[in-house]
Amino acid sequence: MVVRNFWNRMTLVVTSLLLLSGSLCADVPSEGNEKAARLFTLKVLPTLKAKCFGCHGDDPEAIKGELDVRTLEGLLRGGESGEPSIVVGHPEESSLVSAIKWDLLEMPPKENDRLTEKQIEQVEEWIRFGAPWPSLEEQRRIRDEEAKVIENEDGLIVKTSGGLSDEWTTRRYAPDDLWAFRPLAEVTVPENGHPVDYFIQRKLKSAGFPPAAQADPETLIRRATLDLIGLAPTPQEIAQFKQEWNQDSEQAWSNLIDRLLESPHYGERWGQHWLDVVRYADTGGYANDYERSNAWRYRDYVIRSFNNDKPYNQFVVEQLAGDELADASVRERTGVDENGLHQIRLKGDYTQEESEWLVATGFLRMGPWDNAMVLQPEARQIYLDDLVNSVGQSFLSTTMRCFKCHDHKFDPLPTRDYYRMYAAFAGTQMAERPAPFLDSENRDGFEEGKRHVEKMLQFATEEKNRILAKQEAAAKAWFDERGLKYLTPQERKELPDEEKPPRHVGLDHVDEGQLKVREQDEWIWTRRLERYEPMVQSVFNASDEDVGNRFARKLRLKNKVDQKLIPTSTILLGGGLSAPGDEVLPGVLSAVGLEANPSSSVDPYLLDSQLERRRLGLAKWIVHPENALAVRSIVNRIWQHHFAKPIAANPNNFGAKGGRPTHPELLDWLANEFVQRGWSFKEMHRLLMNSETYRQASYHPQVEELQTIDPNNDLFAYANSRRLTAEEIRDSILAITGELNRDVGGLPVMPEMNMEVALQPRMIQFSLAPTYQPSPTPEMRNRRTIYAYRVRGQADPFLELFNQPNPNDSCEARDSAAVTPQAFTLLNSDMMIDRSIALALRLQRENDSIEDQVRQAFELCYGRQATSEDVEQMVGYVSAMREYHQKVDPQPADYPTEITRSLVEEFSGKPFEYQEILPVFEKYQSDPKAADVDANVRALADMCLLLLNSNEFLFVY
């Protein structure tokens, strides 16, 4: 039996070799061999490269299983088993085929990488044809011939700047996967009726469903108010709207939309959507989490832009190139040369408009970044990679990281284009720059905030100086003992160790540890003072060679910039700095088909290479009216926040792996309308909200059938209900209790958060961060949540639990997942209990009887009248809870004015303690707590807590 198997295998090997000799002989064989050669070149070889070379050939020094699939010889030789991987002419006997079918082995091993049935059939057919492996010249001939046919049954070839291989450059794509890169379609809509309804109802009709009925006016005003300003309507606003609705529903609806769009709170709501995308935070993240003291000015710029209905094309250009706009403006109004221009930069001598443009470039500083413990070239690459990806996701719905290391696996995006956009930012240098405050910027609270920071700084400095005085006393004694003249630390700095006192002379490990903490605190509070200075988180243009090493702790403009030093960029093979490839010039995404420089004789997709015009050129290309990718991106986001889901499912990724649009013609029509209406957000709000589709009820009479056929409501047959965001929950509750401070803009505020989280030690490099201290008064704390201080290393637990996004990553859509801790938090957290007490106190102030208090509570929380059953149930509940609370004696809240911290000293490894002061709690005005009110209020607060925990409050229908 063993002998027979041996000779069977030998027969197969000999047969394979004979067939191999035939498959390698002529480069232009018969028609059948030509077909097989084309099959291999165009189908099989690309599959092997994509699915197999990674483990079996790309790295000849690390070939897994000793199987090399880069050549036919390697496949016939096989791997460590000693058997050939293919048996020429016999796919059914080839172990390669069984492996890719996952019969015996499972190759590739990951489910997501498995070959499709069609790819497996192509490999089998190739083996059956004799496994021909044409020469490189013959492969090139076949690919060149194929490339002349732009479209065939296998798909489309997209003209780009070119991939790293010929195979990629001439790769074909399914036409449906290219939807985002195509020009906007000119879609004709009927003259009668609303265009949005035309597209939605046409698809609904073909699916056999009618649209849902119109929602009632109470539902509509709540939906519209929360959508546009992020706050629930007041009972008075609801009553007024219903009265107008009964007289003329269309006019009432139009008036409501106009009123909400004129509200200063509109910018807060829609600004938050944008800040989610661009990753707004007040600190830089990583180990140090340095404060970006003036980031609040960018946040207010975004809010102001939405309130003023700044055209989106202008909004984009200012964020990407506001500093370049300011430079051009300064040149025009002053006529200065480059040296004079830079002096104006250093002094911050700008007009209001120029200052606004500089504030806008805060977008370029929003990503997390720190260069501690990282070599300068790598730190620089981290910043630029993050910036390129942020621009791609925010403005082009393109995840740029997917083609940083190689040509994109699924989309027509060559890595050359990645590095062309990288080159557009190669001269972008970070800096905190002087720029005058704007008349429109809110500077309330500057003096109070500055006094607090100065007190913290004074304490840190005094403690540091106390330790240094002890050290210097010991140093003087050291010099005296040796009969030497005393030298100050600066004077003895460069002396040999034997000629000066030990580094920490006179200090024990406690002193050494405390000194490091106090020095760090002194720097942190000095930095915090910049909050009150006319500075911006911005950028300037210079080459890396010109600026040298720079550190995240303090980034400033250079005293002199050499504009003649032009940065050069290359493709980084595999994304690594150690593997530079071809040099590239600044450019744009060629797959979009929109030229950046039509007059260029070299390459129309290249930008101006001058240092001062790269980002401005890129920004103008992004907002060109014919940039279909960019316009679809923002219109999709606008739709998403009105209908609780986007038309294209992944607003940050329009590629083949993102969700295709459910209504592509509607998306294109809206994109064209957006441009024609002056890139106006408010015009788009009016357009969408005046449709019947927006005003549908969230219930459909055929809901069970729809949930089977269309579980995701892709047909938009009814309104999607949604849970309030974390900010809407907090802000709406504060509005209901009457505590909300509606001031717009200004310094970050520090709301109360869970005290355990606020007081817990937070590690930063070599020390602990200062303790979170809430703002001292309720008026300061109870601002809208968009103004809350956002620390990357310390999330507010309430907001985080209700899915406030992590600011390290761009958020394309809020996660609305429901988890058990949310229920516990809504019932038991200090935030909810305090707000319930505040609401109970309001109800008591404004109503005499418990019945009236219940009725007002329903109007405030739900926007509707309480039924008689509601009143009866709640009155009984309050009565029962009153009996309970009369037996309970709550303990008053305790706020510490100082706290003892413990750390381990770095060099000795010994623990030490130090004191941290918390002066905000010395005259702290706390919210009313359970111990501050009687049993009647606490019982009423329990009812309020119950109402605020219901879906009727937490959801928009």
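Residues numbered from 1 in each chain as written. Predicted model: local features only at pLDDT ≥ 70, side-chain atom pairs only at ≥ 80, totals over all residues. Heavy atoms only, no water.

Now for the overall build of the protein. Along its length, the protein carries 37 helices and 13 strands. Taken along its principal axes, the extent of the C-alpha atoms in the protein is 100 × 100 × 75 Å. The burial tally for the protein puts 55% of its 957 residues in the buried class. The long-range share in the protein, meaning contacts at least 24 apart out of those at least 6 apart in sequence, stands at 72%. Just so you have it, the protein exposes about 42,800 Å², and 51% of that area is on carbon and sulfur atoms. When the 111 basic and 152 acidic side-chain charges of the protein are each reduced to a single mean position, those positions are 3 Å apart. (Helix = DSSP H or I, 4+ residues; strand = E, 2+ residues; numbered from the N terminus. Buried < 20%, exposed > 50% of the residue type's maximum accessible area, 1.4 Å probe, protein only. Contact = heavy atoms within 4.5 Å. Areas by Shrake-Rupley, 256 points an atom, 1.4 Å probe, with all protein chains shown as cover. Lys, Arg positive; Asp, Glu negative; His and termini not counted. Charge placed at Lys NZ, Arg CZ, Asp CG, Glu CD.)

Scanning all chains against the criterion turns up zero disulfides. In this structure Cys-55 is not part of a disulfide, and its nearest cysteine sulfur, from Cys-52, lies 8.8 Å away. We note that Cys-944 lacks a disulfide partner, and the nearest cysteine sulfur, in Cys-861, lies 6.4 Å from it. For Cys-944, a relative accessible area of 0% corresponds to the buried category. (Disulfide = S-S within 2.5 Å.)

Our next topic: the nonpolar core. Grouped together as the largest cluster of nonpolar side chains are 155 residues, with contacts concentrated most on Ile-622 and Leu-670. Here this core takes nine residues from helix α24 (residues 628-643), the largest share from any one element. Apart from residues no more than four positions distant in its own chain, Leu-670 is found in contact with Val-196, Val-635, Trp-639, Ile-647, Met-684, Leu-687 and Leu-688. By size, the runner-up hydrophobic cluster in this structure holds 40 residues, among which are Ile-729, Ile-733, Met-881 and Val-956. (Core = buried A, V, L, I, M, F, W, Y, C linked by side-chain atoms within 4.5 Å.)

Turning to the domain arrangement of the protein, a few remarks are in order. What the domain assignment reports for the protein is domain 1 (30-148), domain 2 (311-437 + 536-623), domain 3 (446-532) and domain 4 (726-956). Spacing between the C-alpha centres of domain 1 and domain 4 amounts to 62 Å. (Domains from an automatic or database assignment.)

A separate point is the packing of aromatic side chains. Within this structure, the stated rule accounts for 46 aromatic pairs. Here Tyr-312 and Phe-315 contribute two aromatic rings whose centre-to-centre distance is 6.4 Å and whose plane-to-plane angle is 45°, an arrangement assigned as tilted. Of this pair, Tyr-312 and Phe-315 both sit in helix α15 (residues 312-334), three residues apart, which is roughly one turn of the helix. Pair check on accessibility: Tyr-312 and Phe-315 agree, each one buried. For the ring pair Tyr-312 and Trp-679, a centre distance of 6.4 Å and an interplane angle of 25° mean the geometry is stacked. Of this pair, Tyr-312 sits in helix α15 while Trp-679 sits in the loop between α25 (664-676) and α26 (681-689); the two residues are 367 residues apart in sequence, bridging distant segments of the chain. Residue classification places Tyr-312 among the buried residues on the basis of a relative accessible area of 2%. Put simply, the rings of Tyr-266, Trp-274, Tyr-298, Tyr-301, Phe-306, Tyr-312, Phe-315, Phe-363, Phe-395, Phe-674, Trp-679 and Phe-681 touch in pairs and so form one group of aromatic residues. One Lys or Arg, Arg-553, reaches over the ring of Trp-523 and ends 4.5 Å from the middle of that ring. Taking NZ or CZ as reference, Lys-657 lies 4.5 Å from the ring centre of Phe-410, over its face. (Phe/Tyr/Trp six-rings, centres within 6.5 Å; stacked < 30°, edge-to-face > 60°. Lys NZ or Arg CZ within 6 Å of the ring centre and 35° of its normal.)

Here we come to the sheet that holds strand β1 (residues 151-152). Read from one edge to the other, the open sheet built from three strands follows the order β1-β2-β3, with strand pairing classed as antiparallel. Pairing within the sheet leaves two strands with one partner each, and these edge strands are β1 and β3 (172-173). Where β1 and strand β2 (residues 155-157) come together, two bridges link them in antiparallel fashion. Note on β2: the bridge partner recorded for Glu-151 is Leu-156. (Pairing = 2+ DSSP bridges.)

Before going further, it helps to spend a moment on the environment of Leu-220. Positionally, Leu-220 belongs in helix α10 (residues 217-229). Exposure remark for Leu-220: the relative accessible area of 0% places this residue in the buried category. When the C-alpha atoms of Leu-220 and Tyr-694 are compared, they prove to be 9.2 Å apart, with 474 residues separating the residues in sequence. Leave out the neighbours within four places in its chain, and Leu-220 touches Gln-214, Ala-215, Trp-245, Trp-253 and Arg-695.

Now for the pattern of salt bridges. Going through the model one piece at a time under the given rule, you end up with 76 salt bridges. Taking the shortest distance from any N to any O, the salt bridge between Asp-68 and Arg-70 comes out at 2.7 Å. Across the salt bridge formed by Glu-472 and Arg-492, the nearest N and O atoms sit 2.8 Å from each other. Here Arg-492 lies in the loop between α20 (446-481) and α21 (509-528) and Glu-472 lies in helix α20, a separation of 20 residues in the sequence. Neither Glu-472 nor Arg-492 differs from the other in exposure class; each is buried. A cluster of three or more residues bridged by salt bridges with shared partners is formed by Glu-34, Arg-38, Glu-138, Arg-141, Glu-145, Glu-146 and Arg-172. (Salt bridge = Lys/Arg side-chain N within 4 Å of Asp/Glu carboxyl O.)

Our next topic: the packing of helix α35 (residues 868-885) against helix α36 (residues 935-948). Viewed as axis vectors pointing N to C, α35 and α36 meet at an angle of 130°, and their least axial separation amounts to 8 Å. It follows that α35 is oblique to α36 by the angle criterion. Classified by chirality, the crossing of α36 by α35 is right-handed. Contacts from Met-874, Tyr-877, Val-878, Met-881, Arg-882 and His-885 in α35 reach Ala-935, Asn-936, Arg-938, Ala-939, Leu-940, Asp-942, Met-943, Leu-946 and Leu-947 in α36. Counted by class, the contact of α35 with α36 contains ten nonpolar, two polar and three charged residues. (Axes fitted to C-alpha atoms, helices over the stretch in contact; angles between N-to-C directions. Parallel < 35°, antiparallel > 145°, perpendicular 65-115°, else oblique. Left-handed = near helix turned anticlockwise from the far one by under 90°. Nonpolar A, V, L, I, M, F, W, Y, C, P; charged D, E, K, R; others polar.)

What follows is about the pairing of strand β4 (residues 428-434). Judged by how many residues are buried, β4 sits mostly within the fold: six of seven residues are covered. Here β4 pairs with strand β5 (residues 535-541) via seven bridges, running antiparallel. From the neighbouring strand, Ala-431 faces β5, where its bridge partner is Ser-538.

As a further point, take the side chain of Gln-773. With respect to the secondary-structure elements, Gln-773 resides in the loop between β10 (767-768) and α30 (778-781). Looking at Gln-773, the relative accessible area reads 6%, which means it is buried. At 3.3 Å, the side chain of Gln-773 forms a polar contact with the backbone nitrogen of Val-920. Other than its neighbours up to four places away in sequence, Gln-773 contacts His-452, Met-456, Met-750, Ile-917, Leu-918, Pro-919 and Val-920. (Polar contact = N/O pair within 3.5 Å; in protein donor to acceptor, adjacent residues only side chain to side chain.)

For the rest of this paragraph, the subject is the UniProt feature "domain: DUF1553" (unreviewed entry) in the protein. Those places that UniProt annotates as "domain: DUF1553" (unreviewed entry) correspond, in this numbering, to residues 614-876. Helix makes up 49% of residues 614-876 and strand 2%. Its end C-alpha atoms lie 70 Å apart. (UniProt positions renumbered as here; feature names shortened; annotations may be inferred.)

Below, the discussion takes up a nonpolar patch on the surface. The grouping of Leu-104, Leu-105 and Met-107 at the surface amounts to a nonpolar patch, some 340 Å² of accessible area in total. With respect to the helices and strands, the residue Met-107 is situated in the loop between α5 (95-100) and α6 (117-128). Its relative accessible area of 35% is what places Met-107 among the partly exposed residues. (Patch = residues over 30% accessible without salt bridge, like charges linked within 9 Å, V, L, I, M, F, W, Y side chains within 5 Å.)

Following Met-107, the chain continues into Pro-108 via a peptide bond in cis, with omega recorded as -10°. Among the structural elements, Pro-108 can be located in the loop between α5 and α6. In this structure, Tyr-286 takes a positive phi of about 60° despite not being glycine. Position of Tyr-286 relative to the elements: it lies in the loop between α13 (265-278) and α14 (295-307). Even without being a glycine, Phe-766 presents a positive backbone phi close to 70°. In this structure, Phe-766 sits in the loop between β9 (763-764) and β10.

Once that is clear, we can look at the pairing of β5. In terms of burial, β5 is a largely internal element, seven of the seven residues being buried. Residue alternation in β5 divides its side chains into two sets, Met-535, Gln-537, Val-539 and Asn-541 and Val-536, Ser-538 and Phe-540, and both sets are buried.

Now for the environment of Gly-285. Within the secondary structure, Gly-285 is located in the loop between α13 and α14. Here the alpha-carbon distance between Gly-285 and Trp-369, two residues 84 residues apart in the chain, equals 6.4 Å. Not counting residues within four places of it along the chain, the set of residues in contact with Gly-285 comprises Tyr-290, Asp-370 and Arg-792.

Time to look at the confidence of the model for the protein. Mean pLDDT over the protein works out to 94, with 97% of the residues at or above the 70 mark. Segment residues 1-29: pLDDT under 50, and 21 contacts once partners within four positions in sequence are set aside and those in other chains are kept. (pLDDT = per-residue confidence, 0-100.)

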